[in-house]
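# Summary of the model geometry
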Amino acid sequence: MWSSRTRPRTTRARTPRSRTFRSLALPAAALVALPVLAGCAGGGEDEAEGPAAPPDIAAVPRAKVADQGTLTWAVDALPATYNAFHADADETTQRVAGAVLPALFTLDERGRPRRNPDYLTDASVVSSKPHQVVRYKLNPKAVWSDGTAVSAADFAAQWKALRGKDSAYFAARNAGYERIDRVEQGANAHEVKVTFARNDADWRALFTPLYPKALTNDASAFNDTSRKELPLAAGPFQVAERDQQQGTLALARNPRWWGERAKLDRMVLRAVPREQRVEALAGGKVDLAEITPAAAERIMKANAAKGTQEPPGDAGKAGSAAAPGTGPATGPSVRTPLASPAMASPPAVSPSVRTPMVSPSLMSPSVAVPSTAKRPGTPRSDGANKPVAADATLLRGLMVRRSLEPAYTQLALNGASGPLADERVRRAIVRAVDRKALAEYVLGPLGLPVEPLGSHLLVAGQPGYADHSDAVGSVDLKAAMDLLADAGWKEGHGAAPARKAAHLPVVGGLDPSDDPEDEETAESPDESPLSSPYASPYGDEADGKGRGDTGGRAAAAPARFKDGRKLVLRFVLPNSSGAEPLRAVGERIARQLDAIGVRTELVKVEDAVFFKENISKGKFDLALFGWPTGAFPATDARPVFAKPQPAPDGSLTVEQNYTRVGTDQIDQLFDKASAELDEETSHDLLAQADARIWAAAGSLPLYQRPELVATRRTVVNAGAFGMASPRYQDIGFLRN
């Protein structure tokens, strides 16, 4: 899993992506402990609690993994580029980089960066005054696949390509590299000395992935050659053949790899649409695939019928269904804003670029919400609830691995104009939303922890994580209504000025007379089945509540008016079929806001324009999408919460702060944290920044994004990795 360092070189609003890191991407697109003056983790990290949901990968010792086989791994698409630093790098780009290129630091199950001994015998800050100096001691065995040693020349070439001083290089970001003053060989050929002009607390995020100097020494090679090919490798695998027509990319075992030999002969990445993955798994076309909650339910029901679904992470029983190493027919086969399981978000970005997530099928950004839902009484066309007998046996050969991604879904509140420009109104919205109920609705049916997220910068289990939501206050409808009244929005159901003057301006574009009290149960003809607030995101009775679930509905309070205008907020949601559950969450939030007299206009927009034309341009009052978190919040999160600055043409430079809410104090705290080499002090600065972000009420974190991966029962050391980096050389099939 790569870090998610995001500082775009361009200054206008950027569009979001998924976890390729493991996404990005949002490759995917993205916060952990910061370094002390040492290479590995600093003191005090182990005192923190473990992750809310640990990795679920059927972990077994290498001795129990077969020394052969081809594993096929479903991806959304073949990589648009092999260069993780290109703006259109996606989750597959990062997966290839993770298996093929050097990663100086990898992340453990709590998202902490750990020195990778395959490449480094040591890495540490050897001086902090007058300038920070980092010394890398390279593993003498580390070589590129042509036999050339990994050296300081590779580091120097990558720094020059990414530092932002040469406009010939089309790099998506330069965060961290622009702080470096020089890169040179150290005491010998196996040492690299990096001297910084400005301190970088997140120095461990640099030079991962590391590209050979042949691809970074020259702008043409960086921009063009690395897009089409990756001729050299220095990982357990190397890029082999690519079949664009079949949608496959093969990674073969690297014969020059000096580390523990890859268990698989080959790893094949196959492009498979998410709605086709269960059938592809059952038919033996893929061995491993990220799936939607509805697909997971389908597999688990098939296993439950025969009692064959074992507890998540129970690798000991993993595999007797098929001979190890016998994969699909093709061969014996993780951040960015997120929006919906179909991925209604902007194009994916490089592994370390932080991109918004909308939906898993939108391919890049994706939101932590279930992927399909239906209205009670409506039969499912995909048979997700009752797999037919013919495929039930095949489904019992599959396992569902479950964890939580280092990413979260948020309610974004646009503070640039309109009612939400008033902090009191934003705080009222925040205090009216029952985050606990939403987390239970989304995560409960999956058997995952249902605690709402308490930080914008870290997820539960990461060192430094703490709940700072008390900076804005807990759910309190009376306090919310008092805030609205203080902002001038008074109860006025049927207020004469609004009722008599239909031409009066309406916040959000609704007619002032359109009130839930008048048409509480009205439904537009084109409304999707999810418009029923009683629907489970996973189908009939999937959440165990049946018809008793209230769908977040509360008694609607009288609408609020100010200066003859009715308080109506434009709530923008993606329109893809994969985003139905996200819309269900949006509808629940709308019902909760009804309870304080705030009306919402739910606007469904096509995925292609969700970010490009709406979120990035500020054409919304409320919106649901997500952000990845990562090991380096001081760097990664700053562009997301930076105070917008006026541009020469009069527009706002918002970086990735699509809510347009920020303060000078928040910026200063990020700047201090990013230059602070003492881990505890850096954590304190980030905690202060997070508390101020909560108080500004521009972003409301709701819940962590679920990670659901289906595998054949013989697949081991792979699945739902959570916050951890995959160890590609250990992935394989259970030995007979």
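Summarised in this report is the structure supplied together with it. (Residues numbered from 1 in each chain as written. Predicted model: local features only at pLDDT ≥ 70, side-chain atom pairs only at ≥ 80, totals over all residues. Heavy atoms only, no water.)

### Here's the deal with the overall build of the protein
A tally of helices and strands in the protein yields 17 helices and 25 strands. Across the 736 residues of the protein, 63% fall into the buried class. Accessible surface, the protein as shown: approximately 24900 Å² in total, 49% of it carbon and sulfur. (Helix = DSSP H or I, 4+ residues; strand = E, 2+ residues; numbered from the N terminus. Buried < 20%, exposed > 50% of the residue type's maximum accessible area, 1.4 Å probe, protein only. Areas by Shrake-Rupley, 256 points an atom, 1.4 Å probe, with all protein chains shown as cover.)

### Focus: the pairing of strand S8 (residues 180–185)
Here S8 pairs with strand S9 (residues 191–196) via five bridges, running antiparallel. Each bridged residue has a counterpart across the sheet, and for Ile-180 the counterpart in S9 is Phe-196. Taking the residues between adjacent antiparallel strands as the criterion, S8 and S9 are bridged by five residues. (Pairing = 2+ DSSP bridges.)

### Some thoughts on helix H9 (residues 435–443)
Considered for burial, the residues of H9 that qualify are Arg-435, Leu-438, Ala-439, Tyr-441, Val-442 and Leu-443. All buried residues of H9 project into a common sector of 165° when viewed along the axis, lining one side. (Arc of directions from axis to C-beta.)

### Examining empty space enclosed by the protein
One number sums up the size of the second largest cavity: a volume of about 110 Å³. Every residue lining the second largest cavity is counted, 16 residues in all, and those nearest its centre are Phe-641, Asn-657, Thr-659, Gly-698 and Ser-699. Mapped by element, the contributors of at least two residues to the lining of the second largest cavity are strand S20 (622–628), helix H15 (638–641) and helix H17 (679–696). Along the lines of polarity and charge, the residues of the lining of the second largest cavity split into nine nonpolar, seven polar and no charged. (1 Å grid on protein atoms, 1.4 Å probe; cavity = no way out; pocket = protein on both sides within 12 Å on 5 of 7 lines; lining within 4 Å. Points joined across faces, edges and corners; volume = space filled by probe spheres on them. Nonpolar A, V, L, I, M, F, W, Y, C, P; charged D, E, K, R; others polar.)

### Section: the packing of aromatic side chains
Counted by the stated rule, this structure contains 20 aromatic pairs. Taken together, a centroid distance of 6.2 Å and an interplanar angle of 70° make the contact between Phe-625 and Trp-627 edge-to-face. Note on accessibility: Phe-625 and Trp-627 belong to one class, buried. What links up through ring pairs into an aromatic cluster is the set Phe-85, Phe-105, Tyr-136, Phe-155, Tyr-177, Trp-203, Phe-207 and Tyr-211. One residue, Arg-163, lies across the ring of Trp-159, its end atom 4.6 Å from the ring centre. The ring of Tyr-441 has Arg-588 lying over it, and the distance from NZ or CZ to the ring centre is 3.4 Å. (Phe/Tyr/Trp six-rings, centres within 6.5 Å; stacked < 30°, edge-to-face > 60°. Lys NZ or Arg CZ within 6 Å of the ring centre and 35° of its normal.)

### Description of the pattern of salt bridges
In this structure the tally under the stated criterion is 37 salt bridges. For Glu-451, the salt bridge is made with Lys-436, and the minimal N-O distance between the two is 2.6 Å. With Glu-451 in the loop between H9 and helix H10 (477–486) and Lys-436 in helix H9, the pair connects residues that are 15 residues apart, well separated along the chain. Classification of Lys-436 by relative accessible area gives partly exposed; the value is 29%. Here Asp-730 makes a salt bridge to Arg-727, at a shortest N to O gap of 2.6 Å. (Salt bridge = Lys/Arg side-chain N within 4 Å of Asp/Glu carboxyl O.)

### Some details on the nonpolar core
Counting residues in each nonpolar core, the largest one holds 71 residues, and the members touching the most others are Tyr-136 and Phe-207. Counting residues per element, this core draws most heavily on helix H2 (residues 152–162), which supplies six residues. When neighbours within four sequence positions are excluded, Tyr-136 is seen to be in contact with Leu-104, Leu-120, Asp-122, Ala-123, Phe-155, His-190, Glu-191, Val-192, Val-194, Trp-203 and Phe-207. In terms of nonpolar packing, the next biggest core, distinct from the first, is built from 61 residues, Val-278, Ala-282, Met-300 and Leu-420 among them. (Core = buried A, V, L, I, M, F, W, Y, C linked by side-chain atoms within 4.5 Å. Contact = heavy atoms within 4.5 Å.)

### Focus: the sheet that holds strand S6 (residues 120–127)
Spatial ordering of the open sheet is given by S6-S7-S9-S8, a layout of four strands whose pairing is antiparallel. The sheet is open, and its two edges are formed by S6 and S8, each paired on a single side. Taken pair by pair, the neighbouring strands of this sheet meet at an average axis angle of 15°, ignoring direction. In this structure, strand S7 (residues 133–138) lies alongside S9, joined through five bridges in antiparallel fashion. Of the residues in S9, the one forming a bridge with Val-133 is Thr-195. (Axes fitted to C-alpha atoms, helices over the stretch in contact; angles between N-to-C directions.)

### Side note on the packing of H9 against helix H12 (residues 580–594)
Angle between the axes and distance between the axes are the two parameters that describe a pair of packed helices. Here H9 crosses H12 at 155°, and the two axes come no closer than 11 Å. Our classification of the angle between H9 and H12 gives roughly antiparallel. The interaxial crossing formed by H9 with H12 has right-handed handedness. Residues Ala-437, Leu-438, Tyr-441 and Val-442 of H9 touch H12, and the partners they reach there are Ala-584, Val-585, Arg-588, Ile-589 and Gln-592. When grouped by side-chain class, the residues that make up the contact of H9 with H12 number seven nonpolar, one polar and one charged. (Parallel < 35°, antiparallel > 145°, perpendicular 65-115°, else oblique. Left-handed = near helix turned anticlockwise from the far one by under 90°.)

### Concerning helix H1 (residues 91–100)
Of all ten residues in H1, nine are buried; the element is thus mostly enclosed. The set of residues buried in H1 consists of Glu-91, Thr-92, Thr-93, Gln-94, Arg-95, Val-96, Ala-97, Ala-99 and Val-100. Sitting at the amino-terminal end of H1 is Asp-90, which places a side-chain oxygen 3.2 Å from the backbone nitrogen of Thr-92. (Polar contact = N/O pair within 3.5 Å; in protein donor to acceptor, adjacent residues only side chain to side chain.)

### Remarks on the sheet that holds strand S17 (residues 565–566)
In spatial order, the strands read S15-S16-S17; together these three strands make up an open sheet with antiparallel pairing. On the outer flanks of this sheet lie strand S15 (490–491) and S17, each paired with one strand and no other.

### A short note on the packing of helix H16 (residues 664–675) against H17
For the pair H16 and H17, the least separation of the axes is 9 Å and the interaxial angle reads 160°. With respect to H17, the element H16 is oriented roughly antiparallel. Once H16 is placed against H17, the crossing between them reads as left-handed. Side by side, H16 and H17 meet where Gln-665, Ile-666, Leu-669, Phe-670, Lys-672 and Ala-673 of the first sit next to Ser-682, Leu-685, Leu-686, Gln-688, Ala-689, Arg-692 and Ile-693 of the second.

### Description of the side chain of Arg-112
Here Arg-112 lies in the loop between strand S4 (105–107) and strand S5 (113–115). Using a relative accessible area of 8% as the deciding quantity, one classes Arg-112 as buried. Within polar-contact distance, the side chain of Arg-112 engages the side chain of Asp-108 at 2.7 Å.

### A closer look at the pairing of strand S11 (residues 248–253)
The element S11 is extensively covered by neighbouring structure, given that six of its six residues are classed as buried. When strand S10 (residues 237–243) meets S11, the two strands line up antiparallel, connected through five bridges. Counterpart to Val-239 in the pairing with S11 is Leu-251. Between S10 and S11, which pair antiparallel in sequence order, lie four residues; one of them, Gly-247, sits at a positive phi of approximately 70°. One ladder, built from five bridges, connects S11 with strand S12 (residues 266–271); its direction is antiparallel. In the sheet register, Thr-248 faces S12, and the bridge partner there is Arg-270.

Read these as spatial facts, not as claims about activity.
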